[in-house]
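# Understanding the architecture of this molecule
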Amino acid sequence: MPEKPKLAIYWAASCGGCEIAVVNLHEKLLEVDAALDLMFCPCLLDTKKKDIEALPDGAIAVTLFNGALRTEENVEMARLLRRKSRILVAFGSCAKGGCIPALANFTTTDELLATLYRDNPSLDNPEALIPAGTTSMPEGDIHLPALLGRVLHLAQAVEVDYYVPGCPPESHQIWNVIETILSGDLPPKGSTIGCGTLTVCDDCDRTKEDKRITAFRRSYEFYPDPTACLLEQGLLCMGIATRSGCGAPCTKANMPCSGCYGAPDGVSDQGAAMVAALGSVMDIGDTAGLSEEAIAGRVDAFLAAVPDYAGLFYKYTLASSTLGGRVGSSKSTPLSPPLSGGKCSAPPLTRGGREGLTQVPDCNLSKQSGEIAE
Amino acid sequence: MKIGIYFCNCGSNIADKISSAAVIEAARSFPDQPFVNILDFICSEDGRLRFEESLKSEQPDRVVVAACSPRDHEATFRRCMTAAGMNPYLLQMVNIREQVAWVTEDPQVATDKAIRAIRGAVGRVRLQQPLERKQLEVCPDALVIGAGPAGMKAALSLAEAGRSVVLVERTPFIGGLPVRFEELFPALECAPCMLEPLMGDLLHGDCAGRIELMTMAELVEVTGFYGNFIAKIRQKPRQVSLHDCIGCGECAAACPATTMNGFNSSASERKAIDFAFAGVLPNAPFLLEGVCVRSKGEDCRACKDACPMGADVINLEEVETVVERRIGSIILATGAGLYDAAHVPGMGLGSLPDVYDALQFERMLSSTGPTSGEIMTANGSAPASVAIIHCVGSLDEDHNPYCSGICCQYAFKFNHLISAKLPDTIITHYHRELTVPGKEAHTLFQQAVQNTNTCLKRYERITDLAVSLADDGRLQVSAHGELEPADLVILCPAVIPAAGADSLSALLDVSRDSSGFFRELHGRLDAAQSTIKGVYLAGACQGPMDIQKAMLAGMASVGHTLAGLQPGRIIEIEPITAEVDETRCAGCRLCISVCPYHAITFDTEQNRSRVNAVLCHGCGTCVTACPAGAINGHHFTNAQIMAEIEGVLK
Ligand SMILES: Cc1cc2nc3c(=O)[nH]c(=O)nc-3n(C[C@H](O)[C@H](O)[C@H](O)COP(=O)(O)OP(=O)(O)OC[C@H]3O[C@@H](n4cnc5c(N)ncnc54)[C@H](O)[C@@H]3O)c2cc1C
Ligand code: SF4
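Figured I'd write up the structure that's included with this text. Everything numeric in this text was worked out from a predicted model, so none of it was measured.

Residue and element names in this part refer to chain B. Taken in spatial order, the five strands make up an open sheet running β10-β7-β6-β18-β29, and their pairing is parallel. The sheet is open, and its two edges are formed by β10 (211-214) and β29 (535-537), each paired on a single side. Averaged over all neighbouring strand pairs, the angle between strand axes comes to 20°, with direction disregarded. Sheet topology places strand β6 (residues 142-145) next to strand β18 (residues 329-332); four bridges connect them, and they run parallel. Residue pairing for β18: V144 is matched across the bridge by I331.

Here you go:
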């Protein structure tokens, strides 16, 4: 019997949801197993990194790589799996666009670590210990992989063959992806697969009318009409700017789409598309005779209902967006040689490509007092 | 792809600052290595000829002209392209004169800037596609909204010139404000008599066949543009056929339901089916639905049974309809109303008896009004003294900052008419300013000044005046603390735009000024045009004015319509429009309300939006709004714009 093609499923900076989505294939998993040899999946199997290193290049038929790239180790594994795989799939929104881990790009790593390990009200860390780098313990040294200055999506580190969107990808779409790959009838390299070609509105069977929104509202404020378009009811439903294919489970559950399938083809920036669309249908009332200040005041009052633009519009795509992250944060350090003394520094803003990797700073675990916050 | 760059020296305008030699050198590294042709004054006759000859001999696939602003000569150079047998949309202009040469000191910097801009244009022009202009014959007919003096004059004059006109009036009668008046300043002509010939011609004259009069009607939607508007008009039911009714009034006599008559300042009664007031045209009653006992479930047909002209004249089942008309231009003649003087504290309007605003008093003066022309107080006696308060809510930052211009004149008209009927009555004018301009207004003013029973008193601020009830039950006016009795008080409130001007402005996208009147394209040069092409303004809807000016304004709007839209004229439709990519549209309907020209419709069967290329102005609003990236802006595609930016930033 000929050897089955090898399948790897790897997680980088991710929550494990993608693995659960794979497991949700249920009995279809038997078919997957019949066709492919799932030989690497840290969540489910005990294969080690050295086992992968031992494989000849290109030995793995397909790697479904989920998670964003947060640490040097994530990048190392991405490079290794790229080398060993014939098809590398950026699987899920983290690998495709950075997703929630990439929202960290709105702060520097210094700020991030300070918030997580020092200034967090639920922490008790009187010595202000920040985990990083190498720590010597009586039992020996402990190594922690260094944080990258910025969270990257997979294609910013290695060449990606296909993208599968979703947080996590819907199981029926995962099956479609596997069938496509098994069929050998593959779309052009770089395509997004396991999804539709339109927007979530196409999946969503609510009644749509012409749109003019008189106020933004949030889910906790009211029970939306289950048949009318949520956006028309003032909820910030991202469905209009989100790729179809999920089947609109959220709007079917009377919740607005949060946009996890990312932008459809032809739209380069999901958040910007959403902002442009909402700006076009926000109805601030009759402005005849109003001063510019008064009009600006109305717009401000309208927008006050949106507490977190970035988290709303770029929840799944910040790393791959035109925006990329925050520019000129007071604490972001310019590109410089790796710092010693336990300081993490962020490389400057990068837009795709691999520049972000060339300067991976070294972070040492040390007792950091006021240093970080300067 | 062969690309030609035509660089215009514009005499020394460009040549002094931008080195054409450097541009030639730089062009070697541009994509497709375009050839560069340096010319002097491409826009001149000689320049255009040489440009065209070069296009014919070189036969480039795409052309960049680096010269002046496209606002100056894009059309010129596009015509040259056409003359040379090329599609004019394969041209891209770069404004290296206004945007570079004229505003950049250092020639080195200017040259570098020009090279970048030209490189951007080359990047963009490579992606430009040939586009075809559509041709459309204009519709010479007009829609006139409002049948007051201005609208009637416009409608009749257009019909006389052979044009078909739809005249939409929201009240049940024509004539606007003045048909409700008795006599008019400056010459004290009888108002209904003066307007009668005009109204008669409009209804029954030789050209009446070309005027479709719709009373009790309102515009509800307009799509399209100059030369080709589609208007939707809501026709409310009158329940009486204008065609068959002879105006005998038998129905009103038979009707059991009564209410107060709003057209008589609610100072007299009317029946549910009745005339607005005696003598109105068209001479037919109309039914007030809410007042008719049938609306309360009763099965009355008294009016129908009383009609001597048969059972078809009154149709109690008639319902509202919406009709559609194609027209080429729209004349707004919606006129004016009066500021609600109840907003001005101390004037007593609505709270004290015998305090009237000017329109209410005009009705009292009118022989068709509630008192049949008798000037009387609420208790039926003739007033021994009358106070006329000018400038109520005009020339007043707290209300309306402008002078309403006509009130002083009708106030002195009132003075004359009161004195004529009640010679012993004392009349006091409280005025802030006095406005009696022109060659005619002074007559009535002088008469008032010379009238020994008349007194003119100036006040500073309206708050210096107060109307109140004295202990003896008579009205009194206190001015700067000084008390004066008055049996009747007439207020002259500011003239404001007619109610509903705001929704019309939204519907047509026509701007209004800070006072709410329709804004003229230019207050001096183009005072009959609105800010939207093909929508004209006439009469008091653009500012307070008297009947003379309203009639003239009506004629001015006719002038524009006749000059611009000759029958048979062809207009070309710009091909720079938006188009929905049906394979990408998910039918969210977000674009529909975004289009300022109502050019997008939704195809419910296909579940896709569709842009009407004739209505689309190519503004690009929907292109940016579409969250699915499903709308392309021809000639301004994302790829073209990105290529241009990349070329500039390279
Ligand atoms: C108290 C008073 C006394 C006056 N006395 C004199 C005088 O003696 N001499 C003189 O020269 N001028 C006088 N004027 C001024 C005169 O009334 C105006 O100059 C004249 O009415 C302007 O004519 P118009 O056609 O512009 O507007 P209007 O007469 O106001 O007519 C506008 C018409 O449009 C209709 N309309 C409004 N909105 C709509 C809509 N949305 N859809 C359809 N129809 C609509 C209205 O029903 C009305 O019939 C007086 C004005 C006032 C207020
Ligand atoms: S016309 Fe006379 S009454 Fe009217 S606002 Fe002007 S000054 Fe005052």
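From this point, things continue past the structure.
Moving on to the pairing of strand β21 (residues 385-392) of chain B. All names here are of chain B. Burial of β21 is extensive: eight of the eight residues sit out of reach of the surface. Examined bridge by bridge, β21 and strand β22 (residues 426-431) share five bridges and lie parallel to one another. Residue pairing across strands places S385 opposite I426, the latter belonging to β22. Where β21 lies against strand β27 (residues 488-493), five bridges are found, and the strand directions are parallel. Bridge pairing in β27 links I389 to L491.

Before going further, it helps to examine the site of ligand 2. All names here are of chain B. Surveying the vicinity of ligand 2 reveals the residues H390, C391, S394, L395, C403, S404, G405, I406, C407, C408, E433 and T435. Of all elements in the fold, only β21 and α11 (407-421) reach the threshold of two or more residues within the shell around ligand 2. Across the shell around ligand 2, the residue classes break down as six nonpolar, five polar and one charged.

Attention now goes to the site of ligand 1. All names here are of chain B. Lining the immediate surroundings of ligand 1 are 34 residues, of which E169, F185, K413, A540 and M545 lie closest. In the model, an oxygen atom of ligand 1 is placed 2.8 Å from a nitrogen or oxygen of the A540 main chain. In the environment of ligand 1, an oxygen atom lies 2.9 Å from a nitrogen or oxygen atom belonging to the backbone of I547. Considered on its own, ligand 1 offers 990 Å² of accessible surface; in the complex 96% of this is hidden by protein. Of all the secondary-structure elements, those providing two or more residues to the shell around ligand 1 are α6 (149-160), β19 (336-338), α10 (358-365), α11 and α14 (547-564). Its residues assigned to classes, the shell around ligand 1 comprises 21 nonpolar, seven polar and six charged.

Together, F636, I641, M642, I645 and L649 of chain B make up an exposed nonpolar region whose accessible area comes to about 480 Å². Structurally, I645 of chain B is set in helix α16 (residues 638-649).

Now for the interface of chain B and chain A. Reports of interface size often rely on the accessible area that becomes lost once the parts have come together. Taken residue by residue, the interface counts 18 residues in chain B and 23 residues in chain A. Of the roughly 1,700 Å² buried between chain B and chain A on both sides combined, carbon and sulfur atoms contribute 56%. Three residues, R589, L590 and P627 of chain B, lead the burial of chain B against chain A; their summed loss comes to 31% of the area buried on that side. Counting the contacts that link chain B with chain A gives two salt bridges. In this structure, the salt-bridge partner of R512 of chain B is D286 of chain A, at a minimum N-O distance of 3.9 Å. Counting across the interface, chain B meets chain A through five residue pairs in polar contact (both at pLDDT 80 or more). Its residues assigned to classes, the side of chain B that touches chain A comprises nine nonpolar, five polar and four charged.

With 13 residues, helix α4 (residues 72-84) of chain A ought to run about 18 Å at 1.5 Å a step, and its terminal C-alpha atoms sit 18 Å apart, in line with that. Listing the buried residues of α4 of chain A in full gives N74, V75, M77, A78, L80, L81, R82 and K84 of chain A.

Our focus in this paragraph is the sheet that holds strand β25 (residues 475-479) of chain B. Residues and elements named next belong to chain B. Pairing is antiparallel across the open sheet formed by three strands, whose spatial order is β24-β25-β26. Whereas interior strands pair on both sides, the edge strands pair on one side only; in this sheet they are β24 (465-469) and β26 (482-486). Shown here is a sheet whose adjacent strand axes are inclined to one another by a mean of 25°, direction ignored. Bridge count between β25 and β26: five bridges; the pairing is antiparallel. Of the residues in β26, the one forming a bridge with A479 is E482.

All names here are of chain B. Scanning the entire structure with this criterion turns up 14 aromatic pairs over all chains. The interplanar angle of 65° and the centroid separation of 5.2 Å between the aromatic rings of F412 and F445 together place this pair among those described as edge-to-face. In this pair, F412 is assigned in helix α11 and F445 in helix α12 (residues 442-450), connecting sequence segments 33 residues apart. Classification of F445 by relative accessible area gives buried; the value is 18%.

Residue and element names in this part refer to chain A. Note that K6 resides in strand β1 (residues 6-11). Separated by 2.7 Å, the side chains of K6 and E3 make a polar contact. Other than its neighbours up to four places away in sequence, K6 contacts D37, M39, L55, A59, I60, A61 and V62.

Criteria and cut-off values
- Residues numbered from 1 in each chain as written.
- Chains lettered and ligands numbered in written order.
- Predicted model: local features only at pLDDT ≥ 70, side-chain atom pairs only at ≥ 80, totals over all residues.
- Heavy atoms only, no water.
- Pairing = 2+ DSSP bridges.
- Helix = DSSP H or I, 4+ residues; strand = E, 2+ residues; numbered from the N terminus.
- Axes fitted to C-alpha atoms, helices over the stretch in contact; angles between N-to-C directions.
- Buried < 20%, exposed > 50% of the residue type's maximum accessible area, 1.4 Å probe, protein only.
- Near = heavy atom within 4 Å.
- Nonpolar A, V, L, I, M, F, W, Y, C, P; charged D, E, K, R; others polar.
- Polar contact = N/O pair within 3.5 Å; in protein donor to acceptor, adjacent residues only side chain to side chain.
- Areas by Shrake-Rupley, 256 points an atom, 1.4 Å probe, with all protein chains shown as cover.
- Patch = residues over 30% accessible without salt bridge, like charges linked within 9 Å, V, L, I, M, F, W, Y side chains within 5 Å.
- Salt bridge = Lys/Arg side-chain N within 4 Å of Asp/Glu carboxyl O.
- Contact = heavy atoms within 4.5 Å.
- Buried area = accessible area lost by both parts, 1.4 Å probe.
- Expected span 1.5 Å × (residues − 1).
- Phe/Tyr/Trp six-rings, centres within 6.5 Å; stacked < 30°, edge-to-face > 60°.

These values are about where atoms sit, not about what they do.
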